[in-house]
Amino acid sequence: MFKLEPPNVLKQWYSIFPINSFQYYPEIDIMWTPSYATSYAILLGHQTDWIWSALTTKEMQVLNATGKIDIGTPYFDMCNSKGMWLNPNVYPWNYPQARRAIVYVLNRTAIPLVYEPSYFPTTHNLWDDSAIQWLTFPKRIRDIVIDFPINWTHARELLESVGLVYKNGQWYYPNGTPLTLTIIVPNSLTDMVEEATLAAEELTEFGIPTKVLAVDPSYFWGTVMPEGQYVAAYGFFDTAYGYLTASLTYLDYPWGYWSFGAVYNLSKPYPFAWPNVTNHHLVGWYCKPYNAPASMNLPNSTIIWCVNSTFGYINLTNWTWMMQAAVPGSPEYEEAVLIYTAWWEYFAPGIEGTAVDWVPFGGAHWRTDLDFDWAYYSMPLALAQAVPSSPYTTYCCSPTPAIFFGFGAPEGVIPPMAQAILNGSLWTKYYNIAYWLGLTDEDLPKYGPAMITVPITIGGVQTYNGSVVVPVFTSITQVQEAVAKYFHTTYTPVTITPVTTTSTTTTTTTTTTTAVSTVTSTATVTSTVTSTSVSTTTAVSTVTVTKPVISTALVIGIVVIVVVVAAVAALIALRRR
């Protein structure tokens, strides 16, 4: 349960998040259960405001028939990235080559299709493998992302390089003992069980007899994963919701996450090599040392050192200090993200089975309580999913950011963020928020269309095939038009003409006199929603704004959200056990 209290803290939140939905949500129930069947029953009984669950097509049809449950809207939900984790302390999986071999074995186009409705396939091995979110990362980082196609020949070469022997269709340890594998998976998460089962069949066909052991979820999450009592396990991956907030996830995953307390020891060095990539095709590996700039004042600036031209080590503790100290968007931040991406590609901590992207289920909730569907149809996809679907946290399944940034409101009410877009105050009064969200003429073209109009590709590989036809947004006026169309109202046109200087950007905003519907709404979660429309006119105004690398107030706000969601995550973790 999430409560907006105490009042003195909430007062600070109002100063940090001036566009918010606090008035509608003095209390909201957020739940996660280790059983999809339980989640389904809770939704039907309207026993919660928000819950995450992977539901079957039939269950979604029943829920959608109520007309009030918002499930079926394409959510971006990082919980829907799943895959197999191999214990890096157990031979032969203690070799990165062996773990990467499995990436080349599994058919990660077929695996996501075994559960209905299906997830998205992936040909990469990034836990934040989202075609949409990668649009926000610098090109030099995107360029080192490797495409891992099915290649059993190369997989055999990699396993043989670590001492395993292949004969008569079976893999053996060097001492002649057959190599087998057991994938442990929580038994109540049907999608994971089905995906793990197909992965086991493919590994068996490859020559590694593999079986699936489905166990009680409390035992899986409470003992197997945190205590490292597995050789192979099938579970959740994590994801980053964009470049500027990636560090929040990077600093938590995999070593700080609940799954890996006994598996990763950051006091020791880890193998590292830079990937040599051409058009997302791996050409080879090389080593180049790296020391963090002295200006960062780290306890130890040695991040990467080399043994030879193709192999080296990384000190992940020192890297963590660098990532923590780097200002989001700075050159040091970019270098830290680049290093982490390279390490993940080389070390392959896990084998992603399903990619993160829009899914037809996830954060299910009652629209009468919380509705932010307007954002999906009124702004670019990468931005629409960013706030409502919890970008500024390291835990999924929470509508908290939608409330903090005013994206959500009870059904029938125009949310505060939509009002700020319609009346133009988002740019004339709160430009730093618009800049942070990417709702500027400069940034909008980078993020593509709303809801996806054509297949999205990374490195020539199709990762999403959309169906809703909408235009690509190239200006804030188009966003205003889309919001006004969604709510069947008018808007005040705002034109932003940036003038760049060495330290600030001066912006002149010309606003034409237009009849506008500025909506003031009052509602409670459980009562009837009422709204009052007031027609106003707006005069021409000039606004001067400073565009910082990142808003200090919003950074503080991010910390607040992380603290709040951490409490929610703690409660969820207890329920898991």
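The following refers to the structure shown. The structure presented is a predicted model; accordingly, all values stated were derived computationally and were not measured.

Conventions we followed
- Residues numbered from 1 in each chain as written.
- Predicted model: local features only at pLDDT ≥ 70, side-chain atom pairs only at ≥ 80, totals over all residues.
- Heavy atoms only, no water.
- Helix = DSSP H or I, 4+ residues; strand = E, 2+ residues; numbered from the N terminus.
- Buried < 20%, exposed > 50% of the residue type's maximum accessible area, 1.4 Å probe, protein only.
- Contact = heavy atoms within 4.5 Å.
- Areas by Shrake-Rupley, 256 points an atom, 1.4 Å probe, with all protein chains shown as cover.
- Salt bridge = Lys/Arg side-chain N within 4 Å of Asp/Glu carboxyl O.
- Polar contact = N/O pair within 3.5 Å; in protein donor to acceptor, adjacent residues only side chain to side chain.
- Pairing = 2+ DSSP bridges.
- Axes fitted to C-alpha atoms, helices over the stretch in contact; angles between N-to-C directions.
- Phe/Tyr/Trp six-rings, centres within 6.5 Å; stacked < 30°, edge-to-face > 60°.
- Lys NZ or Arg CZ within 6 Å of the ring centre and 35° of its normal.
- Disulfide = S-S within 2.5 Å.

1. Here we look at the overall build of the protein
- Scanning the protein for helices and strands turns up 19 helices and 28 strands.
- By residue count, 59% of the 577 residues in the protein fall in the buried class.
- In the protein, the proportion of contacts linking residues at least 24 apart, taken out of those at least 6 apart, comes to 71%.
- Carbon and sulfur atoms make up 55% of the accessible area of the protein, which amounts to about 21,500 Å² in all.

2. Observations concerning the pattern of salt bridges
- For the coordinates displayed, the defined rule picks out five salt bridges.
- A salt bridge links K82 to E195; its shortest N-O distance comes to 3.8 Å. You can see K82 sitting in strand β7 (residues 82–86) and its partner E195 sitting in helix α7 (residues 190–206), a full 113 residues away along the chain. A single burial state applies to K82 and to E195, both of which are buried.
- Of the charged contacts in the structure, one is a salt bridge between R140 and E335, with a shortest N-O distance of 3.2 Å. Of this pair, R140 sits in helix α5 (residues 139–142) while E335 sits in helix α11 (residues 331–347); the two residues are 195 residues apart in sequence, bridging distant segments of the chain.
- We classify R140 as partly exposed; its relative accessible area is 38%.

3. Quick notes on the side chain of T123
- Within the element layout of this structure, T123 appears in the loop between α4 (96–105) and α5.
- Residue classification places T123 among the buried positions, given a relative accessible area of 16%.
- Separated by 3.1 Å, the side chains of T123 and D147 make a polar contact.

4. Digging into the pairing of strand β15 (residues 281–286)
- Judged from the five bridges that link them, strand β14 (residues 274–278) and β15 form a sheet pairing that is antiparallel. Following the sheet pairing, P275 is matched in β15 by W285.
- Connecting β14 to the next strand, β15, in antiparallel fashion are two residues, including N279 with a positive phi near 50°.

5. A short note on the sheet that holds strand β10 (residues 181–186)
- The strand order β11-β10-β12-β7-β19 describes an open sheet built from five strands, whose pairing is mixed. In this open sheet, the two strands that pair with only one neighbour each are β11 (210–215) and β19 (350–352). Ignoring which end each strand starts from, the neighbouring axes of this sheet average 30° apart.
- Sheet topology places β10 next to strand β12 (residues 232–236); two bridges connect them, and they run parallel.

6. Quick word on unusual backbone geometry
- Each neighbour pair has its own omega, and for Y91 with P92 the value is 0°, a cis peptide bond.
- Assignment of secondary structure puts P92 in the loop between β7 and α4.
- A positive phi angle, close to 50°, is found at N279, a residue other than glycine.
- Following the sequence through the fold, N279 ends up in the loop between β14 and β15.
- Of note, the phi angle at A348 is positive, near 50°, even though the residue is not glycine.
- Relative to the helices and strands, A348 resides in the loop between α11 and β19.
- For A348, a relative accessible area of 0% puts it in the buried group.

7. Let's talk about the environment of I28
- Inspection of the secondary structure puts I28 in strand β2 (residues 27–28).
- The spacing of I28 and D49 is 21 residues in sequence and 6.2 Å in space, taken between C-alpha atoms.

8. Focus: the packing of aromatic side chains
- Scanning the entire structure with this criterion turns up 32 aromatic pairs.
- On the numbers, 5.2 Å between centres and 90° between planes, the contact of F272 with W274 is edge-to-face.
- Put simply, the rings of W85, Y250, Y264, Y270, W319, Y340, W343, W344 and F347 pair up and form one aromatic cluster.
- The ring of Y172 carries the charged tip of K167 above its face, separated from the ring centre by 5.1 Å.
- A cation over an aromatic ring shows up here: K288 above the ring of W274, its NZ or CZ 5.7 Å from the ring centre.

9. Considerations on the state of the cysteines
- Under the defined criterion, the tally for this structure stands at one disulfide.
- Sulfur-sulfur distance for the disulfide between C287 and C306 comes to 2.1 Å. Residues C287 and C306 share a disulfide whose torsion about the S-S bond is about -90°; that sign makes it left-handed. Here C287 is found in the loop between β15 and β16 (290–291), whereas its partner C306 is found in strand β17 (residues 302–306), with 19 residues between them in sequence.
- Relative accessible area serves as the criterion here: at 12%, C287 is assigned to the buried category.

10. Focus: the sheet that holds β17
- One open sheet holds the four strands; their spatial order is β13-β18-β17-β16, and the pairing between them is antiparallel. With partners counted over all chains shown, the strands left at the sheet margins are β13 (270–272) and β16, one partner each.
- In the sheet, β16 pairs with β17 via two bridges, with the strands oriented antiparallel. By the bridge assignment, N291 is partnered in β17 with T302.
- Contacts between α11 and the sheet are confined to β13, β16, β17 and β18 (312–314), with β13 contributing the most and set at about 100° to the helix.

11. With respect to helix α10 (residues 316–325)
- Of all the positions in α10, only L316, N318, W319, T320, M322 and M323 are classed as buried.
- Looking at the buried residues of α10, the elements they touch are α9 (246–250), β13, β16, β17, β18 and α11.
- Its side-chain oxygen 3.1 Å from the backbone nitrogen of T317, N315 forms the N-cap of α10.

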